Number of protein chains: 4
Amino acid sequence: MITHNTQIRTRYGEVDQMGYVYHANYVSYCHEARTELLRKYGINDYVLESNNIMLPVIKFNIDYKTPAHYDELLTIETTLKEIKGPKMSFGFKITNEEGKTICEAFSTVAFVTADSRQILRTPEIVKRALNL
Amino acid sequence: MITHNTQIRTRYGEVDQMGYVYHANYVSYCHEARTELLRKYGINDYVLESNNIMLPVIKFNIDYKTPAHYDELLTIETTLKEIKGPKMSFGFKITNEEGKTICEAFSTVAFVTADSRQILRTPEIVKRALNL
Amino acid sequence: MITHNTQIRTRYGEVDQMGYVYHANYVSYCHEARTELLRKYGINDYVLESNNIMLPVIKFNIDYKTPAHYDELLTIETTLKEIKGPKMSFGFKITNEEGKTICEAFSTVAFVTADSRQILRTPEIVKRALNL
Amino acid sequence: MITHNTQIRTRYGEVDQMGYVYHANYVSYCHEARTELLRKYGINDYVLESNNIMLPVIKFNIDYKTPAHYDELLTIETTLKEIKGPKMSFGFKITNEEGKTICEAFSTVAFVTADSRQILRTPEIVKRALNL
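This is a predicted model, so every value here is computed, not measured.

> When you look at the overall build of chain A in this model, what are you seeing that I'm missing?
The helix and strand inventory of chain A stands at three helices and seven strands. Overall, chain A shows an N-to-C arrangement of helices and strands of β-α-α-β-β-β-β-β-β-α. By the compact-globule yardstick of 14 Å for 132 residues, chain A fits well, its C-alpha radius of gyration being 16 Å. Oriented by its inertia axes, the alpha-carbon framework of chain A measures out at about 45 × 30 × 25 Å. Scored against the burial criterion, the 132 residues of chain A give a buried share of 57%. Taking contacts inside chain A between residues at least 6 apart in sequence as the whole, the part at least 24 apart equals 66%. Accessible area for chain A stands at about 5700 Å²; split by element, carbon and sulfur atoms hold 47% of it.

> Would you mind showing me how to read the pairing of strand β4 (residues 73–84) of chain D here?
Along any regular strand, the residues point their side chains to alternate faces of the sheet. Residue and element names in this part refer to chain D. As judged from the seven bridges shared by strand β1 (residues 3–9) and β4, these two strands associate in the antiparallel manner. Bridge pairing in β4 places I8 opposite L74. Counting the residues that bridge the hairpin from β4 to strand β5 (residues 87–95) gives two residues, and of these G85 lies at a positive phi of roughly 60°.

> Explanation requested: the sheet that holds strand β4 (residues 73–84) of chain C in the structure shown.
Across the sheet, ten strands lie side by side as β1(C)-β4(C)-β5(C)-β6(C)-β3(C)-β3(D)-β6(D)-β5(D)-β4(D)-β1(D); this open sheet has antiparallel pairing. Each edge of the open sheet is held by one strand with a lone partner, namely β1 (3–9) of chain C together with β1 of chain D. The average undirected angle you get between the axes of adjacent strands in this sheet is 20°. By the bridge criterion, nine bridges tie strand β5 (residues 87–95) of chain C to strand β6 (residues 101–110) of chain C in an arrangement that is antiparallel. When the bridges of β6 of chain C are listed, M88 of chain C appears paired with V109 of chain C. Helix-sheet contacts for helix α1 (residues 25–40) of chain C involve β1, β3 (57–64), β4, β5 and β6 of chain C, and the interaxial angle to β5 of chain C is about 115°.

> What's the story with the side chain of S89 of chain A in this structure? I'm lost.
Residue and element names in this part refer to chain A. Within the element layout of this structure, S89 appears in strand β5 (residues 87–95). Judged by its relative accessible area of 7%, S89 is buried. In this structure, S89 is in contact with T79, L80, K81, E82, F106, S107 and T108, ignoring residues within four places of it in sequence.

Definitions and cut-offs
Chains are numbered independently. Their residues run from 1 in the order of the written sequence. Written order determines the labels here, with chains lettered from A and ligands numbered from 1. At least 70 in pLDDT is required for a residue's local features to be given in this predicted model, at least 80 for side-chain atom pairs to be given and counted, and no such filter applies to totals for whole chains, interfaces and linings, which use all residues. Computation of side-chain values: all heavy atoms of the structure, hydrogens and water removed. Here a helix means four or more residues in a row that DSSP labels H or I, a strand means two or more in a row labelled E, and each is numbered from the N terminus. Each radius of gyration is computed over the set of C-alpha atoms, and the globule rule expresses the reference value as 2.2 Å times the number of residues to the power 0.38. Type-normalised accessible area, obtained with a 1.4 Å probe on protein chains alone, sets the label of each residue: buried when under 20%, exposed when over 50%, and partly exposed for intermediate values. Contacts between residues were defined by any pair of non-hydrogen atoms, one from each residue, lying within 4.5 Å. Accessible surface is estimated by sampling points in the Shrake-Rupley manner with a 1.4 Å probe; for residues, cover comes only from the protein chains shown. A strand pair is defined by DSSP finding two or more bridges across the two strands. To get an axis, fit a line to the C-alpha atoms, keeping to the stretch in contact for a helix; angles then go from 0 to 180 degrees between the N-to-C directions.

Here it is in structure tokens:
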């Protein structure tokens, strides 16, 4: 299973007046975590760019369980769930330092050409990097 | 049906290097739109606060259809979908000036006391404001 | 004098746990206000792009006077302060609904070619639009 | 001299359509770096909170030298410049992995009581932590 753990420390400007990490920020945290997973397998931004590949997000679902606060160190466990045709999907589980689940999320990105914005089947470079 | 249209002009800092509105920003747009719907029915921040009510988001699902760009005027059609026990759910449809659907989203918030963060059943003040 | 007033309603995710608009967000508000001033004079994003002009910010100074809160309607008075060689400078004064000054800021942008990122003297298209 | 180096990797949603880190984000980076400096000296969020101290920013000046891009690892060298009466000032120098200066900034925060939002002289707890 292709999985990766990323740590993110919550920033002051990411916390709202309830004292909770503002809910939209978890979307960015998951993006960061997905980037780290792909980087670990050699698929970084420059590889994508030089292969004319973009990865726009086409779906994002998130369930919030427990609020996180300012200056907490969160762990994001990211798992590649599916890669099929023009799409790649990831699951995310974010926990705090006591191991409590903050939220669980799921996102799908599409493979698109950077220049003409055409939908692509799973690029060979991605398959090879992930040993698929 | 309880519904409201809100307009938002996309900001420069909200657009990513693909030239698309960064996907996490739609979560904030939907929050803004939900706030406007509630404001229209008299449930603004001060009413909530003075009644010791907070509305943390517990679920957010979004499907991205077409990218929006910098400086586009987006319309967010917000609909109250359900209000039941400790939860209130909203649907969102975001369209651009040509009427193209940018994304569709769904969010659920919980009623929670501001001081002790206890879950609440639908507060009377909310029911009355929405004629429920 | 080239000046323009823009209104912005503060968003929930822009407020920090002190209950104040997070200080970095005023930088975006001023950008928004500067864009509106230029748009009023016919210099919108598409005009800039089709003339191969970019406007990166090279300096930003801000003094915070009074905090703004969630859901306040702020007025940003933007004034073109100077336009000279490769630079254009703007002053900003942000006030709340009671007319209290929230902050005062000053920013300078440079004229740069979009394709090769070379510094430009004030483009003719900008001079004409601003009657300079 | 009280100084600290913090590293931040730029996130996708922080980059604008020029391909540059959006200029407002450096304000958050500097906040993050200042927090890390204070944490190193034992002045973390919980210490401040339990001593009824808040640190709102009252001034921020920044000069942008070279753009940073997505996924760059930036180093923020933070220096305590002055601490006097109700104010504390910091200098920031952000460099990329090649050692190029991205920007230089300067910020001033005020000491304020968290409950009544009154201005304070430099709190003893801060003086002791910083050996002043």
